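Results of the structural survey
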Amino acid sequence: MTALTSQSPNRPDLAALILRVALGILFLAHGGLKLFGFGLAGTAGFFQSLGLPGPLAYLTIAAEIIGGVALIAGYRTRIVSLILIPVLLGAIVTVHFAAGFLFTNANGGWEYPAFWIVALVVQALLGDGAASLGRRK
């Protein structure tokens with residue numbers, strides 16, 4: 001990796017790497033919280049309390065964990081970024097929208113998941129970036 005200097009102020013590969021790893025860590029954290037914090041049954045029960053099918057919780061956990069790992073590794077970054085957007089749209093529609101815009105509101109508003117969607121769109125546009133499995137030589 002080339003050092004950031006006045007000759008290299010524009011580093012989209014480095015930007016893509018930083019964003020990709022940050023997004024991956026966030027998805028791992030959220031999937032891990034559902035899996036290890038709330039448990040499979042607890043997460044499925046929460047989904048059912050929202051009127052959603054319980055098995056959707058398992059798909060959501062899988063998407064967050066597998067997607068997080070894929071993003072960190074830089075594997076099919078554009079596709080994975082786009083696949084994860086519906087997970088966040090679902091969170092906005094089913095949980096966060098009713099709480100208003102600000103994420104600091106009770107039950108968390110939709111501000112944070114909406115920003116996360118924007119970051120995923122940017123990641124999809126940037127692509128894999130540096131140090132990725134999908135990087136072409």
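Preceding block: the structure.
Here is a short report on the structure shown in this document. Because the structure is a prediction, the values reported are computed rather than measured.

1. Concerning the packing of aromatic side chains
Within the structure shown, the criterion is met by five aromatic pairs. With centroids separated by 4.5 Å and ring planes inclined at 35 degrees, the aromatic side chains of F27 and W116 adopt a geometry described as tilted. Pair noted here: F27 is in helix α1 (residues 12-49) and W116 is in helix α4 (residues 111-126), with a separation of 89 residues, a long-range link. Here the two residues F27 and W116 agree in accessibility, since each one is buried. Counting every residue linked through ring pairs, the aromatic cluster contains F27, F103, Y112 and W116.

2. Quick word on the layout of surface pockets
As a volume, the largest pocket reaches approximately 700 Å³. If you go around the largest pocket, you meet 25 residues; those closest to its centre are K34, F46, A91, V95 and H96. Those elements that place two or more of their residues in the lining of the largest pocket are α1, α2 (55-73), α3 (77-96) and α4. When residues of the lining of the largest pocket are assigned to their parent elements, the largest contribution, eight residues, is made by α3. Along the lines of polarity and charge, the residues of the lining of the largest pocket split into 16 nonpolar, seven polar and two charged.

Rules used in this analysis
- Residues numbered from 1 in each chain as written.
- Predicted model: local features only at pLDDT ≥ 70, side-chain atom pairs only at ≥ 80, totals over all residues.
- Heavy atoms only, no water.
- Phe/Tyr/Trp six-rings, centres within 6.5 Å; stacked < 30°, edge-to-face > 60°.
- Helix = DSSP H or I, 4+ residues; strand = E, 2+ residues; numbered from the N terminus.
- Buried < 20%, exposed > 50% of the residue type's maximum accessible area, 1.4 Å probe, protein only.
- 1 Å grid on protein atoms, 1.4 Å probe; cavity = no way out; pocket = protein on both sides within 12 Å on 5 of 7 lines; lining within 4 Å.
- Points joined across faces, edges and corners; volume = space filled by probe spheres on them.
- Nonpolar A, V, L, I, M, F, W, Y, C, P; charged D, E, K, R; others polar.

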